[in-house]
Amino acid sequence: MKILILGAGGREHTFAYKLAQSPKCSQLFVAPGNAGTAEIAENIDLKVTDFKAIKDFVLKEKIEMLVVGPEDPLVEGITDFFAEDEALKQVKVIGPSKRGALLEGSKERAKEFMAIHKIPTAAYESFTEKSLEAGKKFLETLKPPYVLKADGLAAGKGVLILNDLEEAKQELQNMLAEKKFGAASAKVVIEEFLDGIELSVFVLTDGKNYKILPTAKDYKRIGEGDTGLNTGGMGAISPVPFVDDELMGKIEERIVKTTVKGLQEENIDYKGFIFIGLIKVDNEPYVIEYNVRMGDPETEVVLPRIKSDLVDIFEKVSEGKLNEASLELDERTSATVMLVSEGYPEAYEKSKEITGFDKVEGSIVFHAGTKNEGGKIVTSGGRVIAVTSFGKDYKEALKKSYQNAEKLHFDKMYYRKDLGFDLS
Ligand code: AMP
Ligand code: GLY
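Residues numbered from 1 in each chain as written. Chains lettered and ligands numbered in written order. Predicted model: local features only at pLDDT ≥ 70, side-chain atom pairs only at ≥ 80, totals over all residues. Heavy atoms only, no water.

A.B. asks: Can you help me understand the sheet that holds strand S2 (residues 27–32) in this one?
C.D. replies: Strands in a sheet are paired, the pairing made by backbone hydrogen bonds, and the direction either parallel or antiparallel. Spatially, S3-S2-S1-S4-S5 is the arrangement adopted by the five strands of the open sheet, whose pairing is parallel. Whereas interior strands pair on both sides, the edge strands pair on one side only; in this sheet they are strand S3 (42–43) and strand S5 (92–94). Where strand S1 (residues 2–7) meets strand S4 (residues 65–68), four bridges bridge the pair, whose relative direction is parallel. In the sheet register, Ile5 faces S4, and the bridge partner there is Val67. Along the sheet, helix H1 (residues 10–20) makes contact with S1, S2 and S4, crossing S1 at roughly 165°. Here helix H3 (residues 51–61) sits on the sheet in contact with S1 and S2, set at roughly 160° to S1. (Pairing = 2+ DSSP bridges. Helix = DSSP H or I, 4+ residues; strand = E, 2+ residues; numbered from the N terminus. Contact = heavy atoms within 4.5 Å. Axes fitted to C-alpha atoms, helices over the stretch in contact; angles between N-to-C directions.)

Here you go:
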């Protein structure tokens, strides 16, 4: 089978790594990819939202499976674009339809979906510029901290958590009236603050059947002790050590089953991943967000733990027979450490040569923001490399990743040295 993966990060390198292991994969392409994917697949210089160019390439190469990494093409409707095109409709697309992708594309839609299907989540109300004053009044009825969420996609920056009521009112005004996040903040969801510890559950579904993949926890803040600005993720651990059978049982019954059933009841075509961001409050799980794709860097710890053939599983997803797929997992813990460019998530320098790949032993190196420049591998993004390792527990896995992180080098390299600090 000829497969095309869309995307360019550590998540997509991990997909490429896993799909390339399958005897069913005859040729693998990644668009646009990075220096890591170029080593195991062929990179194609395409924009992930340029559907016309993707179509031309898929037809020219007779691609049979399309795996969509990031959310943008899903929210823009790439799955529907394939399903509605006579020449493309037999391609197996892994990623939900536009209606499914709205669970990530609109926070208000996600909250409505949870309300309709009785999925536990924080209480909320949503507001527009017209109802700005009502929004301010609503804030007065809540206790701090105040949680404000831009409705649309805002590159991970659309959530504000504020302690001061006046500041929260001002930010609500900035979002609604001053369009702080552009069209993404034309609507704002204000919700109750949930005080607890976060974890993520990943589900693969064909819209009817589902498989729960390994849990993971990522570290979003740039600084040690979970301080400083939010990033895409500075590292991750799988499984989440504090998730016991009782909590997992509640998550499956109250959240996973109700979500998949909700999709079915609303006739939403959903063949892909559901990444459920949760907060555990006194051993009770609440949904804080849905994403309609895998996480990054969570993919770098979740996929290496799947022993089964991923092409086989994806085929079953596409055929609506996921119940027939087997999902065998590696029981060990995996951990990944993200090496980033100093300055990230704000301004940083690029084109720094990365060395030391040949010295790494016992870890898997996934590339994120890297490219090949005149035969050298150089940095091309904020998040540069994810170093994944296995261990009997998260401490052992992290230790190995840290040992190998030290062998890699680029000018102004930074990584968090305290991952897992909150778990012991
Ligand atoms: P989101 O983009 O919805 O994942 O939100 C970003 C981050 O804000 C989450 O990872 C949480 O740390 C935090 N967050 C979002 N909603 C809430 C909430 N209702 N209560 C507490 N923290 C929240
Ligand atoms: N690591 C968080 C995300 O992929 O959204």
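A.B. asks: Whenever I open this one, the pairing of strand S22 (residues 383–391) confuses me. Can you help?
C.D. replies: Looking down a regular strand, the side chains alternate between one sheet face and the other. Along S22, nine of the nine residues are buried, which leaves the element largely enclosed by surrounding structure. Across eight bridges, strand S18 (residues 333–341) lies against S22 in antiparallel orientation. Bridge pairing links Val337 to Val387 in S22. (Buried < 20%, exposed > 50% of the residue type's maximum accessible area, 1.4 Å probe, protein only.)

A.B. asks: Can you walk me through the site of ligand 2 in this structure?
C.D. replies: Neighbouring residues of ligand 2: Asp218, Gly232, Phe275, Arg293, Gly295, Asp296, Pro297 and Glu298. A distance of 2.9 Å is found between a nitrogen atom of ligand 2 and a backbone nitrogen or oxygen belonging to Gly232. Contacts to ligand 2 include Glu298, whose side-chain N or O atom sits 2.9 Å from a nitrogen atom. Summarising the interface, the protein chains cover 87% of the accessible area of ligand 2, which totals 190 Å² for the free molecule. Looking at the shell around ligand 2 residue by residue, the class counts come to two nonpolar, two polar and four charged. (Near = heavy atom within 4 Å. Polar contact = N/O pair within 3.5 Å; in protein donor to acceptor, adjacent residues only side chain to side chain. Areas by Shrake-Rupley, 256 points an atom, 1.4 Å probe, with all protein chains shown as cover. Nonpolar A, V, L, I, M, F, W, Y, C, P; charged D, E, K, R; others polar.)

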